[in-house]
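Fold and contact review
Chain residues, written in single-letter form:
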Amino acid sequence: MAAMPACQLQSIRRRQWLAACAGAALLPAAGSGTTQPQITLRFSHVVAEETPKGLAANRFKVLVEQRSGGRIGVQVFPNAQLYGDANEMQALQLGAVDLVAPSLSKFGRIGLPEFELFDLPFLFDDLNAVRRITLGPLGQRLLQGLQRQGLVGLGYFDNGFKQMSANRPLLEPKDFVGLRMRVQASQVIAAQMRALGARPVTLAFSETRRALATGVVDGTENPVSNFWTQGMDEVQTDLSLTNHGYLGYAVVTNQRLWNYLTQPDRDLVNQALQDSLGFANQMADTQNDKALIALRLAHTTRIHTLSQAQRDLMRQAVQPVHQELARRIGSEWLQTLREALGQKGI
C-alpha cells in the first residue's frame, strides 16, 4: 500500500484533534426540542469552533437553551461566517447581531483605547496576573466604559499568551528586522512590532493564513491553539515560544437588546455566560498545551524556546511601547494597573 501523503496525514491528525476538543464543550441536550424559541440571540465570532472562544460560545448556547426550556434560542456563527474583525463591532452596534466576543484590542478603534492596556508586551507574568485585572475593579471599570458606545460588557475570558511565528526563528530583536508582521488593529501591537524592527500590517484574522501562504505578510503572533487550528503551521516554518503578550476577549451585547430582555432573562443569560466563560478559561489553560503537543507531533514547524537573555533583549526593546501608551491614554491607567499587579513604575 502506498504511503499516505504528509499533507493528507496532517489533515487527518488535525481533524482528530479538533473533534476531541469539540467534545469537551458538549452537554446533554435540552428537553425534547419541540419548544419554539420566543427569543433568538445571534452570537458571531471569528475563530474556529474548537478554540476556547468557539467552545465557550457553543457551551453558552446549550446552557441558555437548557435553562430556558428552549424559550430562548442561540445561533452561533463561527469563523467570521457573518462578520469579520473589521465589521463585527459595527454590526453589534447596529443590531445586526446580538453578541460578539472581540479581542480586547478591538475596543481601541471604537473610542476606548484604555482596553489596549491588555496588549502591552511583557506585562503579565501568567494568567493569574491577568485575572487579578479582569476580575478586579479595573476590569469592571473598563467594561462599564463600554456604555459610552451603547454596549454592555458581560465578561472576560482568555486565549492565553501569544507566540511569534515566521519563516525563520524569531529569538532576538534583530531577527524581526525587515519582516512584514500581521497584527490586529491595535496601536500598541503595531508599536510593538516597530520597536522590534518589523513592519506591522493590519489584517483580519480570517485573512491571515492566506496572507502568510501568499507572502503578503511574513509572520504573525498567536496563541498556539489559534496557530494550530488555523493550519498556520503549514505556511510558517518556525514558531518561537515568546509568551510576550496576552490575548483575551470580552463578550459584549448592545444596550437595546439588554433593555429589551426582562430582568429574569438577563439573569439567566448572564449566569449561562459566566458559567461558559469559566469553562473557557479552564480550556484556555490546557488547549494551548495540547495544541503544542499536536504541533510537535506533526513536525511541520520548528519550535524554539527563548533563553532568559533573549527574552530580556526583547523586553528591553519594547519598553518604549509602554511609555507611548501612557502618553496617549494617561499615565493613571497604567499606574492603576501596575499597582493591581504589584509592579512599580510605568
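In this report, the structure presented in the accompanying data block is examined.

Cut-offs used in this document
Residues numbered from 1 in each chain as written. Predicted model: local features only at pLDDT ≥ 70, side-chain atom pairs only at ≥ 80, totals over all residues. Heavy atoms only, no water. Phe/Tyr/Trp six-rings, centres within 6.5 Å; stacked < 30°, edge-to-face > 60°. Lys NZ or Arg CZ within 6 Å of the ring centre and 35° of its normal. Core = buried A, V, L, I, M, F, W, Y, C linked by side-chain atoms within 4.5 Å. Buried < 20%, exposed > 50% of the residue type's maximum accessible area, 1.4 Å probe, protein only. Helix = DSSP H or I, 4+ residues; strand = E, 2+ residues; numbered from the N terminus. Contact = heavy atoms within 4.5 Å. Salt bridge = Lys/Arg side-chain N within 4 Å of Asp/Glu carboxyl O.

The next point concerns the packing of aromatic side chains. Summed over all chains, the structure comprises eight aromatic pairs. Feature note: the residues F118, F124, Y156, F161 and Y246 constitute an aromatic cluster, connected by ring pairs. A cation over a ring is seen here: R59 above F279, with NZ or CZ 4.2 Å from the ring centre. Above the ring of W333, the side-chain terminus of R141 is found at 4.0 Å from the ring centroid.

If you look at the biggest cluster of nonpolar residues, it comprises 55 residues, and the most contacted ones within it are F107, F115, F118 and F124. The biggest single contributor to this core is helix 11 (residues 308-329), with six residues. For F118, the residues in contact, after removing those within four places along its chain, are L104, F124, I133, T134, L142, Y156 and Y246. L41, F60, A101 and L277 belong to the second-largest nonpolar core, a separate cluster that totals 28 residues.

This paragraph deals with the pattern of salt bridges. Following the criterion strictly, the structure yields 16 salt bridges and no others. For E65, the salt bridge goes to K61, with nearest N and O atoms at 2.9 Å. Highlighted residues: E65 and K61, both in helix 2 (residues 52-67), separated by four residues, approximately one helical turn. Assessed through its relative accessible area of 21%, E65 is described here as partly exposed. Residue R131 is joined to D158 by a salt bridge in which the shortest nitrogen-to-oxygen separation is 2.5 Å. On the criterion of sequence distance, the pair formed by R131 in helix 4 (residues 127-134) and D158 in strand 4 (residues 151-166) is long-range, its members being 27 residues apart. Given the relative accessible area of 2%, D158 is considered buried. In the salt-bridge network here, residues are joined through shared partners; they are D85, E88, K106 and R182.

As far as function goes, none of this settles anything; it's purely spatial.
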